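The lines below spell out each chain.
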Amino acid sequence: MSSDKRTLSQQALYEVGMPIRRSVLSDAYVDNALAKGSTEFAKAMQEFTTAYCWGAVWGRPGLERKQRSLINLSMLAATGKVHELAVHTRGAVNNGLSATEIREVLVQVCIYMGVPAGMEAFKAVEKVLIDMAAEGIEVKP
């Protein structure tokens, strides 16, 4: 669905969601995702996730972004979605989570979802934290 085909409420949610998405994931990540999702087919998913994930859910009151990041990390680790886990690890750091807090989420995933899920998550997250340090991005211990 192109931007001229969005409903009024979807447009409003998109406008709420885009600044949140950029704040959490970074302008560079979002710009890249939008460029890759520039076909008419892919654009619908970019618009949908921005409006509903970032606008309707992340834009809700009741939880701080740091709390939402903890929830996302645990769900993504538990379900084995390591690509999205890597993306949201960066977002979690942007939202103020420390390496210790992230590690503790993954330890809990190991207990409740199984060691294989936890190990995959640890590997993915550790790579992101190492990459971030190499990029000069400070991650709180």
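The protein chain carries the name Carboxymuconolactone decarboxylase-like domain-containing protein in an unreviewed UniProt entry, which gives Aspergillus tanneri as its organism.

Asks: Please give an account of the overall build of the protein chain that cites residues and values.
Replies: Each helix and strand in the protein chain was counted, giving seven helices and zero strands. Ordered by position from the N terminus, the helices and strands of the protein chain form the series α-α-α-α-α-α-α. Relative to the globule expectation of 14 Å for 141 residues, the C-alpha radius of gyration of the protein chain, 16 Å, shows essentially globular dimensions. Expressed along its principal axes, the backbone C-alpha trace of the protein chain runs to roughly 45 × 30 × 25 Å. Going through the 141 residues of the protein chain one by one, you find that 35% of them count as buried. In the protein chain, the proportion of contacts linking residues at least 24 apart, taken out of those at least 6 apart, comes to 67%.

Asks: Explain unusual backbone geometry residue by residue, including any values.
Replies: Despite not being glycine, Ser26 shows a phi value in the positive range, around 100°. Examined against the element boundaries, Ser26 turns out to sit in the loop between helix H1 (8-25) and helix H2 (27-36). Using a relative accessible area of 27% as the deciding quantity, one classes Ser26 as partly exposed.

Asks: Pulling in residues and values, what's your account of the packing of helix H5 (residues 82-94) against helix H7 (residues 115-134)?
Replies: Helices that pack against each other are described as a pair by the angle of their axes relative to one another and the distance between those axes. In contact at an axis separation of 9 Å, H5 and H7 are set at 45° when each is read in the N-to-C sense. Judged on the interaxial angle alone, H7 and H5 are oblique. Between H5 and H7 the crossing geometry is right-handed. On H7, the residues that touch Val82, Leu85, Ala86, Thr89, Arg90 and Val93 of H5 are Glu120, Ala121, Ala124, Val125, Val128, Leu129, Asp131 and Met132.

Asks: Which residues make up the domain arrangement of the protein chain, and what are the values?
Replies: Taken as a whole, the protein chain is organised into domain 1 (1-60) and domain 2 (63-140). For domain 1 and domain 2, the distance between their C-alpha centres works out to 23 Å. With both chains or domains summed, domain 1 and domain 2 bury close to 870 Å², and 54% of this area falls on carbon and sulfur atoms. At the boundary of domain 1 and domain 2, one finds zero salt bridges.

Asks: Tell me what's going on with the packing of helix H4 (residues 65-78) against H5, and back it up with residues and numbers.
Replies: At a minimum axis separation of 9 Å, H4 and H5 run at an interaxial angle of 160°. Classified by the interaxial angle, the pair formed by H4 and H5 is roughly antiparallel. Classified by chirality, the crossing of H5 by H4 is left-handed. Where H4 abuts H5, its residues Ser69, Asn72, Leu73, Leu76 and Ala77 lie against Glu84, Leu85, His88, Thr89, Gly91 and Ala92. In terms of residue class, the contact of H4 with H5 is made up of five nonpolar, five polar and one charged.

Asks: Explain the pattern of salt bridges to me, using residue names and the numbers behind them.
Replies: Inspection of the entire model under this criterion finds seven salt bridges. We note a salt bridge from Asp31 to Arg22, for which the minimum N-O separation is 2.8 Å. The partly exposed category is assigned to Asp31, whose relative accessible area is 40%. Close ionic contact of Glu135 with Arg90 constitutes a salt bridge, the shortest N to O distance being 2.8 Å. With a gap of 45 residues between them, Glu135 in the segment after H7 and Arg90 in helix H5 connect regions that are remote in the sequence. For Glu135, a relative accessible area of 47% gives the class partly exposed. Within this structure, Arg22, Asp27 and Asp31 form a network of salt bridges that share partners.

Definitions and cut-offs
- For every chain, the first residue of the written sequence is number 1, and numbering continues from 1 onward in sequence order.
- Reporting of local features is limited, given that this is a predicted model, to residues whose pLDDT is at least 70; pairs of side-chain atoms are given and counted only at 80 or more, and all residues count toward the totals for whole chains, interfaces and linings.
- The basis for the side-chain values is all heavy atoms of the structure; hydrogens and waters are excluded.
- Each helix is a run of DSSP H or I of at least 4 residues and each strand a run of E of at least 2, with the numbering of both proceeding from the N terminus.
- This radius of gyration counts C-alpha atoms alone. The globule rule is 2.2 Å times how many residues there are, raised to the power 0.38.
- Between buried and exposed lies partly exposed: a residue is buried under 20% and exposed over 50% of the maximum accessible area for its type, with that area taken using a 1.4 Å probe on protein chains only.
- Residue contacts are defined here by distance: any two heavy atoms, one from each residue, within 4.5 Å place the two residues in contact.
- Only the stretch in contact is used when fitting a helix axis, every axis being a line fitted to C-alpha atoms; angles between N-to-C directions are given from 0 to 180 degrees.
- In this scheme, roughly parallel covers angles under 35 degrees and roughly antiparallel covers those over 145, while 65 to 115 is roughly perpendicular and the rest are oblique.
- For a crossing to be left-handed, the near helix must be turned anticlockwise from the far one by less than a right angle; the clockwise case is right-handed.
- How far each domain reaches was decided by an automatic or database domain assignment.
- Note on definitions: buried area is the accessible-area loss of two parts on being combined, 1.4 Å probe, summed for both.
- A carboxyl oxygen of Asp or Glu within 4 Å of a side-chain nitrogen of Lys or Arg is what we treat as a salt bridge.
- Asp, Glu, Lys and Arg are counted as charged, while Ala, Val, Leu, Ile, Met, Phe, Trp, Tyr, Cys and Pro are counted as nonpolar; the rest, among them Gly, fall into the polar class.

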